[in-house]
Amino acid sequence: MAIDRSTLKVPVRRKAVEQAPLLGGDGEVILQAIDLADYLAISRIEDATERLFEILARAAIDPDGTPLLTAAQWRDHSTSDGGRAECLQLGAAVTKMLHGDQGAAPGNDSAPT
């Protein structure tokens, strides 16, 4: 039997809350799964560090869904005391959300195509 709109499971973008106290506020950052278009765009970035900053620029949002920081601002954050570790921790959380236990980051050969 074909799917019809009355039985369709409407997709909802996955989100998670992670701790990032160095960014200020209450230290909680909302991370959302990136969509396929963003995933494919990010996978074309050869430099892994730049790829991480682009992931964070698209995944870390405020409660209204607006990106928290640009990739350049994430790069600057990574230079602060503890900022590098915080960027890596948030990037790992997004990667886990995207790939589960596989842990493959966009652009890695092991990432699904």
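All figures in this text were calculated on a predicted structure; none of them were measured in a lab.

1. Quick notes on the overall build of the chain
Next up, step 1: Helices and strands together make up the secondary structure of the chain, namely four helices and three strands.
Next up, step 2: Within the chain, the fraction of its 113 residues that count as buried is 31%.
Next up, step 3: Here the chain displays about 7300 Å² of accessible surface, and carbon together with sulfur accounts for 53% of that area.

2. Quick word on helix H2 (residues 48-59)
Side chains that are three or four residues apart share a direction in an α-helix, a result of its 3.6 residues per turn.
Next up, step 1: With 12 residues, H2 ought to run about 16 Å at 1.5 Å a step, and its terminal C-alpha atoms sit 16 Å apart, in line with that.
Next up, step 2: Within the span of H2, buried status applies to Arg-51, Leu-52, Phe-53, Ile-55, Leu-56, Ala-57 and Ala-59.
Next up, step 3: Buried residues belonging to H2 abut strand S2 (28-32), helix H1 (36-43), strand S3 (60-61), helix H3 (71-77) and helix H4 (83-99).
Next up, step 4: For H2, the N-terminal cap is Asp-47; the gap from its side-chain oxygen to the backbone nitrogen of Thr-49 is 3.1 Å.

3. Re the sheet that holds strand S1 (residues 15-19)
Next up, step 1: Strand order in the open sheet made by the three strands is S1-S2-S3, with antiparallel pairing throughout. In this open sheet, the two edge strands, each paired with only one partner strand, are S1 and S3.
Next up, step 2: In this sheet, S3 lies alongside S2 in antiparallel orientation, the contact comprising two bridges. Bridged to Ile-30 within S3 is Ile-61.
Next up, step 3: Sheet strands touched by H4: S1 and S2. Its angle to S1, the strand with the most contacts, is close to 160°.

4. Let's talk about the environment of Asp-38
Next up, step 1: Along the chain, Asp-38 turns up in helix H1.
Next up, step 2: Among the residues examined, Asp-38 registers a relative accessible area of 23% and is labelled partly exposed.

5. Considering the pattern of salt bridges
Next up, step 1: In total, this model carries four salt bridges according to the counting rule given.
Next up, step 2: Linking Asp-38 and Arg-58 is a salt bridge whose minimum nitrogen-to-oxygen distance equals 3.3 Å. Residue Asp-38 is located in helix H1, and its partner Arg-58 is located in helix H2; the two are separated by 20 residues in the primary sequence.
Next up, step 3: Residue classification places Arg-58 among the partly exposed positions, given a relative accessible area of 27%.
Next up, step 4: Across the pair Glu-50 and Arg-75 runs a salt bridge, and its minimum N-O distance is 2.4 Å. With Glu-50 in helix H2 and Arg-75 in helix H3, this residue pair connects regions lying 25 residues apart in the sequence.
Next up, step 5: You can call Glu-50 partly exposed: its relative accessible area is 27%.
Next up, step 6: Overlapping salt bridges bring together Asp-38, Glu-54 and Arg-58 as one network.

Rules and cut-offs
- Residues numbered from 1 in each chain as written.
- Predicted model: local features only at pLDDT ≥ 70, side-chain atom pairs only at ≥ 80, totals over all residues.
- Heavy atoms only, no water.
- Helix = DSSP H or I, 4+ residues; strand = E, 2+ residues; numbered from the N terminus.
- Buried < 20%, exposed > 50% of the residue type's maximum accessible area, 1.4 Å probe, protein only.
- Areas by Shrake-Rupley, 256 points an atom, 1.4 Å probe, with all protein chains shown as cover.
- Expected span 1.5 Å × (residues − 1).
- Contact = heavy atoms within 4.5 Å.
- Polar contact = N/O pair within 3.5 Å; in protein donor to acceptor, adjacent residues only side chain to side chain.
- Pairing = 2+ DSSP bridges.
- Axes fitted to C-alpha atoms, helices over the stretch in contact; angles between N-to-C directions.
- Salt bridge = Lys/Arg side-chain N within 4 Å of Asp/Glu carboxyl O.

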